[in-house]
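What follows is each chain in one-letter form.
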Amino acid sequence: MKTVYLDHAATTKMLPEVIEAMMKSYENDFGNPSSTHRIGQKSRAIIEKARKIVAEILDVDTQEIIFTSGGAEGNNLLIRGILNANKDKGNHIITTKIEHSSVLKTFQQLENEGYEVTYLDVDKNGMINVEQLKNSLRENTALVSVMYVNNETGVKQPIKKIGEILEEKGIFFHTDAVQAIGKEIINPKELKIGALTAASHKFHGPKGSGFAFLDKKIQIEKEIWGGAQERNRRAGTENVQGILGTGIALEEIYKNIDEIQKHEKEVHEYLEKRLKDEISDIRINGENAKRVETITNVTAKGCDIQTLLIGLDMRGIFISGGSACMSGAQEPSHVLKAMGLPADELNSSFRVSICKDTTKDEIDYFVENLKEIVEIERK
């Protein structure tokens, strides 16, 4: 039986170069980066080299990169940290109804703490309405957080347009770019992004490591208190090997980004064509919006998603019912619900996500088995 992994939006396999470098470093680079002796400073040099790699790829200053444990911490640090350091800006904040749980739940908690929150709607393709955003802005709007790429549908929001509107108004702009970094070239300064979150396990780096970009003009209050690491913005002894792996993974991906994009586009189009041509009563959610060419969200009418996932799993095929971070929840996808899918379709939707290593042979195996399982279920 083949093994076909099509859940790369949940996590990716680490690059061989990353594994090799991290294993060597675990053995040799055990010093605390805050120590002033030679062994500690060797670890410090590893961190600063990785910081330089990230900064150069984003075309920002090294001092604007903060290493974190990943997306959830990065989102909390940037959203809460910016608000706590800039309380005079106001107590109204804006996000969307389709954000990742680490953003949505942060905003819900901020609402409990006295902030006024506006949750922007999306249309049937998962896109926000820029006019609704404009009309929602107030004199006391302090921060807006809109994700770059949705983790369930792959739909991209009009980030540059949003950034330009908010820059003109002097409002802080944060974007969760966890599903975008490694998929396309992103320049935060050109896009008028003030703060950005990334997680390395989404671009073939290690879990438990990530980074945040924070424009040097923006003040932030740290969320983790203790030492003065990361320019006093994130306390705690740094994850030296995780940071090393993050830098190597990002460098390798962007070194080959044109080739990767070409391959992913080809496989993505092949996947969606086969699905639409060969399986009746299916819909690709967000198909008419701009999307990254690695995520496909499908509704297969008349199918129960849990039965379908188990059937595929038994055949060695691994996909997702939605966001990995929400997989333990009993509620249907809040993203698809916001897009207007009726209850029966919410329970018939799944996500297929590819990467640079996905082959057409794997897609063939997946589609042939999916066709059989869907036919059985519908009968």
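Predicted model, so just to flag it, every value in this text is computed and none were measured.

Draft legend 1. Expanded view of the packing of aromatic side chains. For the coordinates displayed, the defined rule picks out zero aromatic pairs. Of note, Lys89 hangs over the ring of Phe172, and the distance from its end group to the ring centre comes to 5.0 Å.

Draft legend 2. The arrangement of the packing of helix α2 (residues 38-58) against helix α8 (residues 240-255) in detail. Relative orientation of the contacting elements α2 and α8 amounts to 30°, with a least axis distance of 9 Å. In terms of orientation, α2 lies roughly parallel with respect to α8. Note that α2 runs across α8; the crossing there is left-handed. Between α2, through Ser43, Ile46, Ile47, Ala50, Ile53, Val54 and Ile57, and α8, the contact on the second element is made entirely by Val240, Ile243, Leu244, Gly247, Leu250, Glu251 and Tyr254. Class assignment for the residues of the contact of α2 with α8 results in 11 nonpolar, two polar and one charged.

Draft legend 3. Seen up close, the side chain of His268. Residue placement: His268 occurs in helix α9 (residues 257-278). When its relative accessible area of 4% is taken as the criterion, His268 is described as buried. The contacts of His268, once residues within four sequence positions are left out, are Arg291, Val292, Glu293, Thr294, Ile295, Thr296 and Ile354.

Draft legend 4. Representation of the pairing of strand β7 (residues 195-199) in the model. Within β7, five of the five residues are buried, leaving the element largely enclosed by the surrounding structure. Because side chains alternate across β7, one face comprises the buried residues Ala195, Thr197 and Ala199, and the other comprises Leu196 and Ala198, equally buried. With three bridges joining them, strand β6 (residues 172-176) and β7 adopt parallel strand pairing. Each bridged residue has a counterpart across the sheet, and for Asp176 the counterpart in β7 is Thr197.

Draft legend 5. Focus on helix α6 (residues 159-169). Along α6, the positions that sit buried rather than exposed are Ile159, Ile162, Gly163, Ile165 and Leu166. Taken around the axis of α6, the buried residues stretch over an arc of 165°, which confines them to a single face. On the buried face of α6, the contacting elements are α5 (130-136), β5 (141-145) and β6. Just beyond α6, the residue with positive phi is Gly170, at close to 70°.

Draft legend 6. Inspection of the pattern of salt bridges at higher detail. This model, assessed by the stated rule, comprises 35 salt bridges. For Asp121, the salt bridge identified is with Lys97, shortest N-O distance 2.5 Å. Taken together, the positions of Asp121 in the loop between β4 (116-120) and α5 and Lys97 in the loop between β3 (92-96) and α4 (101-112) put the pair 24 residues apart, joining distant regions of the chain. Assessed through its relative accessible area of 33%, Asp121 is described here as partly exposed. Close ionic contact of Lys192 with Glu167 constitutes a salt bridge, the shortest N to O distance being 3.8 Å. Here the residue Lys192 occupies a position in the loop between β6 and β7, and Glu167 occupies one in helix α6, the gap between them amounting to 25 residues. A single salt-bridge network, built from bridges that share partners, covers Arg44, Glu48, Arg51, Glu230 and Glu238.

Draft legend 7. A look at the side chain of Lys183. Mapped onto the elements, Lys183 comes out in the loop between β6 and β7. As a buried residue without a salt bridge, Lys183 has its nearest oppositely charged side chain in Glu264, at a separation of 6.4 Å. The contact partners of Lys183, leaving out residues within four places of it in the chain, are Lys202, Tyr254, Ile257, Gln261, Val292 and Thr294.

Draft legend 8. View of unusual backbone geometry. Unusually for a residue other than glycine, His204 sits at a positive phi of about 70°. The topology assignment puts His204 in the loop between β7 and β8 (210-214). For His204, a relative accessible area of 5% corresponds to the buried category. Here Arg231, not a glycine, exhibits a phi torsion of approximately 55°, which is positive.

Draft legend 9. Structural context of the sheet that holds β6. Taken together, seven strands build an open sheet; the order of strands is β2-β8-β7-β6-β5-β3-β4 and the sheet is mixed. Edge strands, defined here as strands with exactly one partner in the open sheet, are β2 (65-68) and β4. Adjacent strand axes in the sheet meet at a mean angle of 20° when their direction is disregarded.

Criteria and cut-off values
Residues numbered from 1 in each chain as written. Predicted model: local features only at pLDDT ≥ 70, side-chain atom pairs only at ≥ 80, totals over all residues. Heavy atoms only, no water. Phe/Tyr/Trp six-rings, centres within 6.5 Å; stacked < 30°, edge-to-face > 60°. Lys NZ or Arg CZ within 6 Å of the ring centre and 35° of its normal. Axes fitted to C-alpha atoms, helices over the stretch in contact; angles between N-to-C directions. Helix = DSSP H or I, 4+ residues; strand = E, 2+ residues; numbered from the N terminus. Parallel < 35°, antiparallel > 145°, perpendicular 65-115°, else oblique. Left-handed = near helix turned anticlockwise from the far one by under 90°. Contact = heavy atoms within 4.5 Å. Nonpolar A, V, L, I, M, F, W, Y, C, P; charged D, E, K, R; others polar. Buried < 20%, exposed > 50% of the residue type's maximum accessible area, 1.4 Å probe, protein only. Pairing = 2+ DSSP bridges. Arc of directions from axis to C-beta. Salt bridge = Lys/Arg side-chain N within 4 Å of Asp/Glu carboxyl O. Lys, Arg positive; Asp, Glu negative; His and termini not counted.

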